[in-house]
Amino acid sequence: MKYLITGGDFVAAKEGFKLVGRDDDLKRLSSVLMRNKAASVLLVGPGGVGAAALCMGIQASKDDPNAPFDIISKRIHWLLTDELYSSADPNAEFNRVLEILKRTPDSILIIEDARDFLEGSRNAGCMLHINSLNALVKNGATQVILEVRDDDFEMVLKAHSDMRQHYTMIDLAEPVGEDLAAISRASVKSLEKHHGISIDDDAILSAIQLPNK
């Protein structure tokens, strides 16, 4: 299905991906996904806070033998929103997406930008897509993770009356302290390889401290 990509394929395309410094956030997200009620998620935070990486971390955690079975058994998919609403018949294609989710046990649909999804559906004349998706959520046929920027939170809540009932909000904050240092050190490795240089740890710590000053 060209508008729906499996979690394994999505993460495999991000060569060398590893979630670093977000253990607490990963545990919070996992705990919500394992609930019986309000088990879909509004992942809220400023742009660049790491919502996309956290979602990929859920997929990557399925390969950890110590992960809870309720997470390992999840079948995660990403919706390719831009491609869907650029297609000739987005309504028919989205219905096919919903059918796949209904047929897939323990399915989770990740939508990377809730605003893009809502605006894309409106511009394509498919305003009922959020209704159809939330009908599956309400019936327990699938779970959804909507990545929502802070500025768009109220708009997303107003998109459907069941948002507060069936979704749990997880507020993502920017990493700080040792978590930020660990993320920075992991990022530096690709920079060192690309530029053929060595970056000292003191330089990493200075790069973290200077913006705050």
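Residues numbered from 1 in each chain as written. Predicted model: local features only at pLDDT ≥ 70, side-chain atom pairs only at ≥ 80, totals over all residues. Heavy atoms only, no water.

## Describing the confidence of the model for the protein chain
Alright, step 1. When pLDDT is averaged across the protein chain, the result is 89; 90% of the residues are at 70 or more.
Alright, step 2. Highest mean pLDDT in the protein chain belongs to strand E4 (residues 107-111) (98); lowest belongs to helix H11 (residues 177-195) (67). (pLDDT = per-residue confidence, 0-100. Helix = DSSP H or I, 4+ residues; strand = E, 2+ residues; numbered from the N terminus.)

## Structural notes on the nonpolar core
Alright, step 1. Counting 29 residues, the largest nonpolar core has Leu42, Leu79, Phe117 and Leu146 as the members making the most contacts within it.
Alright, step 2. Broken down by secondary-structure element, the contributors of at least two residues to this core are strand E2 (40-45), helix H5 (81-85), helix H6 (90-103), E4, helix H7 (114-123), helix H8 (129-138), strand E5 (143-149) and helix H9 (153-158).
Alright, step 3. The element contributing the most residues to this core is H6, with five residues.
Alright, step 4. If near-sequence neighbours (up to four positions away) are discounted, Leu42 is found in contact with Leu146, Val148, Phe153, Val156, Leu157, Met163, Tyr167, Thr168, Met169 and Ile170. (Core = buried A, V, L, I, M, F, W, Y, C linked by side-chain atoms within 4.5 Å. Buried < 20%, exposed > 50% of the residue type's maximum accessible area, 1.4 Å probe, protein only. Contact = heavy atoms within 4.5 Å.)

## Observations concerning the packing of aromatic side chains
Alright, step 1. By the definition in use, this model includes three aromatic pairs.
Alright, step 2. When the centroid spacing of 4.1 Å and the interplanar angle of 5° are considered together, the rings of Phe10 and Trp78 count as stacked. Here the residue Phe10 occupies a position in helix H1 (residues 7-12), and Trp78 occupies one in strand E3 (residues 75-79), the gap between them amounting to 68 residues. Here the two residues Phe10 and Trp78 agree in accessibility, since each one is buried. (Phe/Tyr/Trp six-rings, centres within 6.5 Å; stacked < 30°, edge-to-face > 60°.)

## Focus: the packing of helix H2 (residues 23-33) against helix H3 (residues 51-61)
Alright, step 1. H3 packs onto H2 with a crossing angle of 70° between their chain directions and a minimal axis gap of 10 Å. On the basis of their axis angle, the class for H2 and H3 is roughly perpendicular. Contacts between H2 and H3 involve Asp25, Leu26, Leu29, Ser30 and Leu33 on the former and, on the latter, Leu54, Gly57, Ile58 and Ser61.
Alright, step 2. Partitioning the contact of H2 with H3 into residue classes produces five nonpolar, three polar and one charged. (Axes fitted to C-alpha atoms, helices over the stretch in contact; angles between N-to-C directions. Parallel < 35°, antiparallel > 145°, perpendicular 65-115°, else oblique. Nonpolar A, V, L, I, M, F, W, Y, C, P; charged D, E, K, R; others polar.)

## A closer look at the pairing of E2
Alright, step 1. With six of its six residues buried, E2 lies for the most part within the structure.
Alright, step 2. With burial as the criterion, each face of E2 is covered, one bearing Ser40, Leu42 and Val44 and the other bearing Val41, Leu43 and Gly45.
Alright, step 3. As defined by bridge partners, E2 adjoins strand E6 (residues 167-171) across five bridges and the pair is classed as parallel. Across the sheet, residue Leu43 finds its bridge partner in E6, namely Ile170.
Alright, step 4. One ladder, built from five bridges, connects E2 with E5; its direction is parallel. Note on E5: the bridge partner recorded for Gly45 is Arg149. (Pairing = 2+ DSSP bridges.)

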